[in-house]
Amino acid sequence: MNQDQLKQAVAQAAVDFILPQLDAKSVVGVGTGSTANCFIDALAKHKAEFDGAVASSETTATRLRGHGIPVYELNAVSDLEFYVDGADESDERLNLIKGGGAALTREKIVAAVAKTFICIADASKLVPVLGAFPLPVEVIPMARSHVARELVKLGGDPVYREGVLTDNGNQILDVHNLSIVNPAELEAQINNIVGVVCNGLFAARPADLLLLGTAAGVKRLTRQ
């Protein structure tokens, strides 16, 4: 199976997992990116079986609406049973790096509300130590240089992602050359830098279930 087929397989596995637990009042949180798009396409076949979705980005909201799935603002939803999203990296404890699509802050907010966070990814995303994928950090534009200097003090090599604005109107620094052995600690340290909106470590709120696409089929990994 190629990478696209693996993404489609884990997307279908996520739909199969959540569908028996949905009803006409259910609202599903949906992430951003190519794997999340596969999930949206698979979920759309069952749109009559749930109420609608909360999107983690404007891009996702547009795709959901294109399938005829109602999109709700998170403030209008009392709870989310599930949030389904991809990841740029995951370790075996289901700590994640996310934000390659610049939607990390909204993704983290939706994940925080959901009772169950399901990560869907192909096998290449599972790593022993996070950090080979540059860690995205969303910053207030006027603070970008200050935040970059502070990230250097933490051992990283921040690079401004030119030409990219988040849905919140902010900028992204991608932090290279990190070996993240304590994800929760680093997540807190970076978030405490003045000018940081959010960073792409999902360790304070990791995934609950990882559906991993492999050549031998979809594997289920639960949080340890």
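Quantities reported herein were computed from a predicted structural model and do not represent experimental measurements. (Residues numbered from 1 in each chain as written. Predicted model: local features only at pLDDT ≥ 70, side-chain atom pairs only at ≥ 80, totals over all residues. Heavy atoms only, no water.)

(A) Representation of the pairing of strand β6 (residues 114-122). Counting buried positions over the nine residues of β6 gives seven, a clear majority of the element. Looking at chain direction, strand β3 (residues 80-85) and β6 are connected through five bridges and run parallel. Opposite Y83, over in β6, you have F117 as the bridge partner. Of the strand pairs in this sheet, β6 and strand β12 (residues 209-214) are connected by five bridges, and their pairing is parallel. For I120, the partnering residue across the bridge sits in β12 and is L211. (Buried < 20%, exposed > 50% of the residue type's maximum accessible area, 1.4 Å probe, protein only. Helix = DSSP H or I, 4+ residues; strand = E, 2+ residues; numbered from the N terminus. Pairing = 2+ DSSP bridges.)

(B) Seen up close, the pattern of salt bridges. Counted under the stated rule, the structure contains 11 salt bridges. Between K98 and E107 there is a salt bridge; the shortest N-O distance is 3.3 Å. Across the pair, exposure class does not vary: K98 and E107 are buried alike. (Salt bridge = Lys/Arg side-chain N within 4 Å of Asp/Glu carboxyl O.)

(C) The packing of aromatic side chains, seen in detail. Scanning all chains against the criterion turns up three aromatic pairs. Ring geometry for Y83 and F117: centres 5.2 Å apart, planes at 45 degrees, overall tilted. Highlighted residues: Y83 in strand β3 and F117 in strand β6, separated in sequence by 34 residues. Taken individually, Y83 and F117 each receive the classification buried, so the pair is uniform in this respect. Residues F117 and F202 carry aromatic rings whose centres are separated by 6.3 Å and whose planes lie at 55 degrees to one another, so their mutual orientation is tilted. You can see F117 sitting in strand β6 and its partner F202 sitting in strand β11 (residues 201-202), a full 85 residues away along the chain. Taken individually, F117 and F202 each receive the classification buried, so the pair is uniform in this respect. An aromatic cluster of at least three residues, connected via ring pairs, comprises Y83, F117 and F202. Residue placement shows R144 over the ring face of Y160; its charged tip is 3.9 Å from the ring centre. (Phe/Tyr/Trp six-rings, centres within 6.5 Å; stacked < 30°, edge-to-face > 60°. Lys NZ or Arg CZ within 6 Å of the ring centre and 35° of its normal.)

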